[in-house]
Amino acid sequence: MRTLIAFLAFVAITASAQETHRTYEPANAPGAGQKLLAQFAGDWDLVKTFFPMNGNPIVTKGSCRQSMIQDGKFLQSDFTFLNDDGTNSTGTGISGFDAKANRFTTVWYDSRQTTMSIRQSDGTFDGRNVVLWATALDPDRPGRKTVARAHLEENGRLLLHRHFLIDDKGNERMMIELRLIRK
């Protein structure tokens with residue numbers, strides 16, 4: 001009898017805790033931002049162009065596989081870059097959209113370094129363009145001011161993703177362009 005009472009108490013406490021979590025942090029469904037991110041899903045050929053401060057642009061080819069994960073709430077982007085020396089480097093991005101805040105957030109990490117970068121939109125979303133501003137992980141060292149913009153062209157066949165460095169006067173200079181062509 002004691003075992004049965006203890007079991008029933010455990011079940012009641014567990015059910016109550018789950019209901020409390022659901023109340024505190026209710027589930028939500030994918031929204032307008034996820035609808036756009038889902039259009040980025042697929043296999044892509046990639047041309048990355050880096051524009052140094054001086055000298056000619058550096059072009060790297062590669063590929064990217066993007067898929068919606070976590071019940072269609074996030075886009076996972078797995079990149080492979082083919083280096084001039086015959087080796088590969090890789091990178092992964094996770095992108096999400098918070099409909100309440102109307103904000104995209106992207107986290108990036110890659111095989112070249114041991115740091116991560118976070119970018120976030122400013123709360124405006126026009127339904128077509130993802131605009132992400134660099135977000136400092138260390139407020140004491142904010143780093144470079146940058147913005148990244150991504151959108152589809154050619155009826156979804158081309159995904160254009162550009163990163164810009166912003167100087168103290170607000171002028172933008174393109175640093176990186178990723179041209180992803182749907183396979």
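Everything numeric in this text was worked out from a predicted model, so none of it was measured.

Here we look at the environment of Gly31
Then, in step 1: Assignment of secondary structure puts Gly31 in the loop between helix 1 (2–24) and helix 2 (32–39).
Then, in step 2: With 42 residues separating them along the chain, Gly31 and Lys73 place their C-alpha atoms 8.3 Å apart.

Structural notes on the sheet that holds strand 4 (residues 88–98)
Then, in step 1: Taken in spatial order, the 10 strands close into a barrel running 1-2-3-4-5-6-7-8-9-10, and their pairing is antiparallel. In this sheet, neighbouring strand axes are inclined to one another by 25 degrees on average, regardless of whether the strands run parallel or antiparallel.
Then, in step 2: Across 4 bridges, strand 7 (residues 130–135) lies against strand 8 (residues 146–153) in antiparallel orientation. Across the sheet, the residue bridging to Leu132 is Ala148, located in strand 8.

Describing the packing of aromatic side chains
The geometry of an aromatic ring pair is captured by the separation of the ring centres together with the interplanar angle, meaning the angle of the planes.
Then, in step 1: Per the counting criterion, the structure on display carries 5 aromatic pairs.
Then, in step 2: Seen in terms of ring centroids, Phe104 and Phe125 are 4.9 Å apart; in terms of plane orientation they differ by 80 degrees. Their pairing is edge-to-face. Within this pair, whereas Phe104 is found in strand 5 (residues 103–110), its partner Phe125 is found in the loop between strand 6 (116–120) and strand 7, the two being separated by 21 residues in sequence.
Then, in step 3: Residue classification places Phe125 among the buried residues on the basis of a relative accessible area of 18%.
Then, in step 4: Among the aromatic residues, those joined into a cluster by ring pairs are Phe79, Phe81 and Trp108.
Then, in step 5: In this structure, Lys48 packs its charged tip against the face of Phe81, placed 4.9 Å from the ring centre.

Quick notes on the pattern of salt bridges
Then, in step 1: Summed over the entire model, instances satisfying the criterion amount to 6 salt bridges.
Then, in step 2: One salt bridge connects Asp45 with Lys183, and the closest N-O pair in it is separated by 3.7 Å. Residue Asp45 is located in strand 1 (residues 42–50), and its partner Lys183 is located in the segment after strand 10 (172–182); the two are separated by 138 residues in the primary sequence.
Then, in step 3: Here Arg157 and Glu154 are joined by a salt bridge, their closest N and O atoms 2.8 Å apart.
Then, in step 4: Among the residues examined, Arg157 registers a relative accessible area of 44% and is labelled partly exposed.
Then, in step 5: Given a relative accessible area of 48%, Glu154 falls into the partly exposed group.

A look at the nonpolar core
Then, in step 1: Residues Phe40, Phe79, Phe104, Val130, Leu159 and Leu180 are the most contacted members of the largest nonpolar core, which totals 19 residues.
Then, in step 2: Ranked by residues supplied to this core, first place goes to strand 3 (residues 74–82) with 3 residues.
Then, in step 3: Non-local contacts of Phe104, meaning those with residues more than four positions away in its chain, are made with Gly33, Leu37, Gly96, Phe97, Arg119, Gln120, Ser121, Phe125, Val130 and Leu132.

Some words on the pairing of strand 9 (residues 158–166)
Then, in step 1: As paired strands, strand 8 and strand 9 are joined by 8 bridges and run antiparallel to one another. Each bridged residue has a counterpart across the sheet, and for Val147 the counterpart in strand 9 is Phe164.
Then, in step 2: Between strand 8 and strand 9, which pair antiparallel in sequence order, lie 4 residues; one of them, Glu154, sits at a positive phi of approximately 50 degrees.
Then, in step 3: Two elements, strand 9 and strand 10, share 9 bridges in a ladder whose sense is antiparallel. Considered in strand 10, the bridge of Leu159 is made with Leu180.
Then, in step 4: Where strand 9 folds back onto strand 10 in an antiparallel hairpin, the turn is made up of 5 residues, including Gly170, whose phi is positive at roughly 90 degrees.

Comments concerning unusual backbone geometry
Then, in step 1: Phi is positive for Gln70, which is not a glycine, with a value near 55 degrees.
Then, in step 2: Here Gln70 lies in the loop between strand 2 (58–69) and strand 3.
Then, in step 3: Gln70 gets classed as exposed once you look at its relative accessible area, which sits at 54%.
Then, in step 4: One non-glycine residue with positive phi stands out, namely Asn102, at about 55 degrees.

Comments concerning the layout of surface pockets
Then, in step 1: Estimated volume of the largest pocket: approximately 1500 Å³.
Then, in step 2: No other element matches strand 7, which puts 5 residues into the lining of the largest pocket.
Then, in step 3: Among the residues forming the lining of the largest pocket, the class breakdown is 24 nonpolar, 17 polar and 9 charged.
Then, in step 4: Size it by volume and the second largest pocket reaches roughly 230 Å³.
Then, in step 5: Lining the second largest pocket are 13 residues, with Gln34, Phe74, Gly96, Phe97 and Asp98 positioned closest to its centre.
Then, in step 6: The residue inventory of the lining of the second largest pocket, partitioned by class, reads 6 nonpolar, 5 polar and 2 charged.

About the thresholds
- Residues numbered from 1 in each chain as written.
- Predicted model: local features only at pLDDT ≥ 70, side-chain atom pairs only at ≥ 80, totals over all residues.
- Heavy atoms only, no water.
- Helix = DSSP H or I, 4+ residues; strand = E, 2+ residues; numbered from the N terminus.
- Pairing = 2+ DSSP bridges.
- Axes fitted to C-alpha atoms, helices over the stretch in contact; angles between N-to-C directions.
- Phe/Tyr/Trp six-rings, centres within 6.5 Å; stacked < 30°, edge-to-face > 60°.
- Buried < 20%, exposed > 50% of the residue type's maximum accessible area, 1.4 Å probe, protein only.
- Lys NZ or Arg CZ within 6 Å of the ring centre and 35° of its normal.
- Salt bridge = Lys/Arg side-chain N within 4 Å of Asp/Glu carboxyl O.
- Core = buried A, V, L, I, M, F, W, Y, C linked by side-chain atoms within 4.5 Å.
- Contact = heavy atoms within 4.5 Å.
- 1 Å grid on protein atoms, 1.4 Å probe; cavity = no way out; pocket = protein on both sides within 12 Å on 5 of 7 lines; lining within 4 Å.
- Points joined across faces, edges and corners; volume = space filled by probe spheres on them.
- Nonpolar A, V, L, I, M, F, W, Y, C, P; charged D, E, K, R; others polar.

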